[in-house]
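Structure assessment
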Amino acid sequence: MPETSVTPESVTPGAPGPPVARPPRWSGPARWRDAIRRTPPGLVIAILAIAAVVLVAVFLTIDLKGNIAYVLPRRVIKVSAMLLVAVAVGVSTLLFQTVTANRILTPSIMGFDSLYILVQTALAFVAGAATLATAPSTLKFAVEILLMVGFSAFLYRWMFTGATRSLHLLLLVGIVLGTLFRGFSSLLQRLMEPSEFIILQDLFFASFNNVDPGLLGVSAVLIALVCAGVWRMRHTLDVLALGREVAINVGVDHKRVVMRVLLACSLLVAISTALVGPVTFFGLLVVSLGYQLCRGFRHAWLLPIVVLIGAIALVGGQLLLERVFGFATALSVIIEFTGGILFLYLLLKGSLK
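Residues numbered from 1 in each chain as written. Predicted model: local features only at pLDDT ≥ 70, side-chain atom pairs only at ≥ 80, totals over all residues. Heavy atoms only, no water.

Examining the overall build of the protein chain
- Along the protein chain, the regular secondary structure elements total 15 helices and zero strands.
- Buried residues in the protein chain amount to 42% of all 353 residues.
- At a minimum sequence separation of 6, the contacts of the protein chain that also span at least 24 residues come to 78%.
- Surface exposure of the protein chain reaches about 19,300 Å², of which carbon and sulfur atoms provide 68%. (Helix = DSSP H or I, 4+ residues; strand = E, 2+ residues; numbered from the N terminus. Buried < 20%, exposed > 50% of the residue type's maximum accessible area, 1.4 Å probe, protein only. Contact = heavy atoms within 4.5 Å. Areas by Shrake-Rupley, 256 points an atom, 1.4 Å probe, with all protein chains shown as cover.)

Focus on the environment of Met192
- The topology assignment puts Met192 in the loop between α7 (167-191) and α8 (194-201).
- Residues Met192 and Phe125 lie 67 residues apart in sequence; the distance between their C-alpha atoms is 6.5 Å.

Observations regarding the pattern of salt bridges
- A full pass over the atoms with the stated rule returns one salt bridge.
- A salt bridge links Arg256 to Asp253; its shortest N-O distance comes to 3.5 Å.
- Taking relative accessible area as the criterion, Arg256 reaches 43% and is therefore assigned partly exposed. (Salt bridge = Lys/Arg side-chain N within 4 Å of Asp/Glu carboxyl O.)

Some details on a nonpolar patch on the surface
- A contiguous nonpolar surface patch, about 610 Å² in accessible area, is contributed by Phe125, Val126, Leu180, Phe184, Leu187 and Leu191.
- Going through the elements one at a time, α4 (112-127) and α7 are the ones with two or more residues in the nonpolar patch.
- Element by element, the count of residues in the nonpolar patch is highest for α7, at four residues.
- Looking at Leu191, the relative accessible area reads 56%, which means it is exposed. (Patch = residues over 30% accessible without salt bridge, like charges linked within 9 Å, V, L, I, M, F, W, Y side chains within 5 Å.)

Considering the confidence of the model for the protein chain
- With 81% of its residues at a pLDDT of 70 or more, the protein chain shows a mean pLDDT of 79.
- The secondary structure element of the protein chain with the lowest average pLDDT is helix α1 (residues 28-38), at 61, and the one with the highest is helix α9 (residues 213-232), at 92. (pLDDT = per-residue confidence, 0-100.)

Digging into α4
- With 16 residues, α4 should reach 22 Å at 1.5 Å per residue; the first-to-last C-alpha distance of 22 Å fits that figure.
- Along α4, the positions that sit buried rather than exposed are Phe112, Asp113, Ser114, Leu115, Tyr116, Leu118, Val119, Gln120, Thr121 and Ala124.
- One or two positions beyond α4, positive phi appears at Gly128, with a value near 100°. (Expected span 1.5 Å × (residues − 1).)

Examining the side chain of Lys140
- Tracing the sequence through the fold places Lys140 in helix α6 (residues 137-161).
- The buried charged residue Lys140 lacks any salt bridge partner; its closest oppositely charged side chain belongs to Glu144, at an N-O distance of 5.7 Å.
- Residue contacts for Lys140: discarding those within four places in its chain leaves Leu132 and Ala135. (Lys, Arg positive; Asp, Glu negative; His and termini not counted.)

Quick notes on the side chain of Thr273
- When you line up the elements, Thr273 lands in helix α12 (residues 254-276).
- Assessed through its relative accessible area of 3%, Thr273 is described here as buried.
- A polar atom in the side chain of Thr273 sits 2.7 Å from the backbone oxygen of Val269. (Polar contact = N/O pair within 3.5 Å; in protein donor to acceptor, adjacent residues only side chain to side chain.)

Digging into the packing of helix α2 (residues 41-61) against helix α3 (residues 68-100)
- For the pair α2 and α3, the least separation of the axes is 9 Å and the interaxial angle reads 150°. By the criterion of interaxial angle, the relationship of α2 to α3 is roughly antiparallel. When the axes of α2 and α3 are compared, the crossing they make is right-handed. Contacts from Val56, Phe59, Leu60 and Thr61 in α2 reach Leu72, Arg75, Val76, Lys78, Val79 and Met82 in α3.
- Considered class by class, the residues forming the contact of α2 with α3 number seven nonpolar, one polar and two charged. (Axes fitted to C-alpha atoms, helices over the stretch in contact; angles between N-to-C directions. Parallel < 35°, antiparallel > 145°, perpendicular 65-115°, else oblique. Left-handed = near helix turned anticlockwise from the far one by under 90°. Nonpolar A, V, L, I, M, F, W, Y, C, P; charged D, E, K, R; others polar.)

What to know about the packing of α3 against α9
- Two elements in contact, α3 and α9, have axes whose closest approach is 10 Å; the angle formed by their N-to-C orientations is 30°. In terms of orientation, α3 and α9 fall into the roughly parallel class. At the point where α3 passes α9, the crossing takes the left-handed sense. Contacts from Ile77, Ser80, Ala81, Leu84, Val87, Ala88, Val91 and Leu95 of α3 reach α9 at Pro213, Leu216, Ser219, Ala220, Ile223, Cys227 and Val230.

Brief notes about the environment of Thr273
- Here the alpha-carbon distance between Thr273 and Ile117, two residues 156 residues apart in the chain, equals 10.0 Å.
- Thr273 has contacts with Asp113, Tyr116, Met148 and Pro278, leaving out every residue within four places of it along the chain.

What about α2?
- For α2, built from 21 residues, the straight-helix expectation of 30 Å at 1.5 Å per residue is met to within 8% by its first-to-last C-alpha distance of 30 Å.
- Looking at α2, one finds that the buried residues are Pro41, Val44, Ile45, Leu48, Ala52, Val56, Phe59 and Leu60. The buried residues of α2 occupy one face: seen down the axis, they fall within an arc of 125°. Residues of α2 that are exposed and angled more than 90 degrees away from the buried face: Ile47, Ile50, Val53 and Thr61.
- Looking at the packing, one finds that the buried side of α2 touches α3, α13 (282-293) and α14 (299-323).
- Among the residues trailing α2, Asp63 stands out with phi positive, at a value near 50°. (Arc of directions from axis to C-beta.)

A word on the environment of Ile305
- Among the secondary structure elements, Ile305 is positioned in helix α14.
- With 260 residues separating them along the chain, Ile305 and Ile45 place their C-alpha atoms 5.9 Å apart.
- Ignoring sequence-local partners within four residues, the contact set of Ile305 consists of Val44, Ile45, Leu48, Gly290 and Cys294.

Next comes the structure, spelled out in structure tokens:
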């Protein structure tokens with residue numbers, strides 16, 4: 001048969017034209033995401049655990065020379081602090097997002113970081129920055145934890161026993177109080193001597209290089225006790241993630257469970273902040289990656305995945321910072337920068353609640 005050519009004159013106005021071949025859409029990231037989602041969660045946990053163990057071993061043994069009896073214990077202290085922070089921040093952020101049904105919020109929205117900075121600033125303003133820097137670390141650790149946990153317990157108790165028991169109102173009050181704390185801190189910092197402010201400024205960023213070894217044991221015991229209680233609640237957390245109405249319909253005491261979860265979040269955040277300093281966006285970073293790697297969204301899988309991702313991020317980031325970038329900046333600055341970009345991406349994307 002003779003070939004027919006399509007010309008502009010032969011096309012009837014309003015009639016559908018011949019199909020136009022479109023270039024195939026690049027679906028590389030989608031394929032990778034689907035492949036990861038099809039991977040069993042147990043295999044994901046095993047891979048992450050192997051990667052975490054390898055990174056810890058490399059961090060402890062790389063360039064290990066000279067006075068090993070002096071270098072190795074310092075590395076062990078640093079790795080232990082990073083692992084404790086990974087557990088505390090990852091678990092607290094996951095729990096907070098579960099009870100708030102929002103994957104953008106973090107416990108720092110309740111004003112814990114602002115309260116920590118206010119406590120440090122007030123102590124430096126009253127007693128002097130030099131006195132604060134040389135004060136017993138155990139005493140400062142206990143005071144900071146008691147203040148932050150006491151503040152959160154008072155706030156939760158007041159909000160959940162009044163006439164309006166609203167979690168959204170609780171979040172709003174936490175934001176307002178956090179802004180108030182930052183305002184007081186800024187006022188006191190402007191009234192301080194410049195030399196004292198320089199000493200105080202080092203406490204505003206998380207640091208794993210000056211961790212007190214005496215605080216690691218206490219922090220590890222407290223975190224282990226809280227995480228043990230959270231692990232016993234993992235099935236209740238799965239129901240709680242379905243929403244308040246669903247949880248109440250299946251017999252969950254929503255108010256009591258939410259109070260316990262929020263107090264656990266407060267204690268974990270207080271321990272992490274008092275140990276190394278505030279890390280605002282680290283929890284958002286590791287939990288968002290955990291949701292991408294986990295197929296079922298069950299807390300029995302999410303909890304270990306989030307903790308292992310946090311350990312890999314902290315140990316691997318510190319290893320790159322020391323061996324590649326030569327301590328050009330602090331690890332907390334890189335974490336906050338990356339987490340801030342992720343926060344803006346999730347906020348603009350609008351697909352996650």
